[in-house]
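Report on the structure
The primary structure of each chain is shown beneath.
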Amino acid sequence: LAIKKSDPVLLYGSTIEYYPDDRQVISYSRSYEGKRFLIVGNFSGTRGDFIMPGDFELDELSIRLTNRGRTDAEVEEVMKMKPYEAILFEENKK
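Residues numbered from 1 in each chain as written. Predicted model: local features only at pLDDT ≥ 70, side-chain atom pairs only at ≥ 80, totals over all residues. Heavy atoms only, no water.

1. Observations concerning the nonpolar core
The cut-off we apply is this: As used in this record, nonpolar core signifies buried Ala, Val, Leu, Ile, Met, Phe, Trp, Tyr and Cys residues forming a set joined through side-chain atoms within 4.5 Å. For every residue, the accessible area (1.4 Å probe, protein chains only) is compared with the maximum for its type, and the residue is labelled buried under 20%, exposed over 50%, or partly exposed between those bounds. Helical segments are the DSSP runs of H or I of at least four residues, strand segments are the runs of E of at least two, and each set is numbered from the N terminus. By definition, residues are in contact when any of their heavy atoms lie within 4.5 Å.
In this structure, Leu38, Val40, Phe50, Met52, Met79, Met81 and Phe89 are the most contacted members of the largest nonpolar core, which totals 14 residues. Among the elements of the structure, strand E3 (35–42), strand E5 (61–66), strand E6 (78–81) and strand E7 (86–91) are those that each provide at least two residues to this core. Dropping the residues within four chain positions of it, valine 40 is found in contact with Val25, Ile26, Ser27, Phe50, Met81, Glu85, Ala86, Ile87 and Phe89. Of all hydrophobic cores here, the second largest spans five residues; its members include Leu10, Phe37, Ile39 and Leu88.

Put into structure tokens, the structure is as follows:
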């Protein structure tokens, strides 16, 4: 909650939901004043695949927060999400 309050993108940003029919892995982006985050969460007790949306470049994403110890080196086109894993990606435009 503290991270949400500390960044205006997460507080005021517009939201785009990805893969709305997928009820296992929920994903959406928040954007505000040229800055963007991607939020992904696996809300089940089983592994789930998350396909990175086409409007994000892998080399422009860094993991800002995760509950499973993932590193930026593990950011892939298809993310194998662990049970109950959540990741907050920050986009760093080059």
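2. Notes on the pattern of salt bridges
Between side chains of opposite charge, a pair can form when the charged atoms approach closely. For clarity, the cut-off: We define a salt bridge as a contact between a side-chain nitrogen of Lys or Arg and a carboxyl oxygen of Asp or Glu at a distance within 4 Å.
The full count for this structure, using the stated rule, is eleven salt bridges. Aspartate 55 serves as the salt-bridge partner of arginine 36, at 3.0 Å between the closest nitrogen and oxygen. With arginine 36 in strand E3 and aspartate 55 in the loop between strand E4 (48–51) and E5, this residue pair connects regions lying 19 residues apart in the sequence. Using a relative accessible area of 13% as the deciding quantity, one classes arginine 36 as buried. Assessed through its relative accessible area of 37%, aspartate 55 is described here as partly exposed. In this structure, the salt-bridge partner of lysine 93 is glutamate 60, at a minimum N-O distance of 3.8 Å. One end of the pair, lysine 93, is in the segment after E7; the other, glutamate 60, is in the loop between E4 and E5, and 33 residues separate them in sequence. Here lysine 93 falls in the exposed class, since its relative accessible area comes to 58%.

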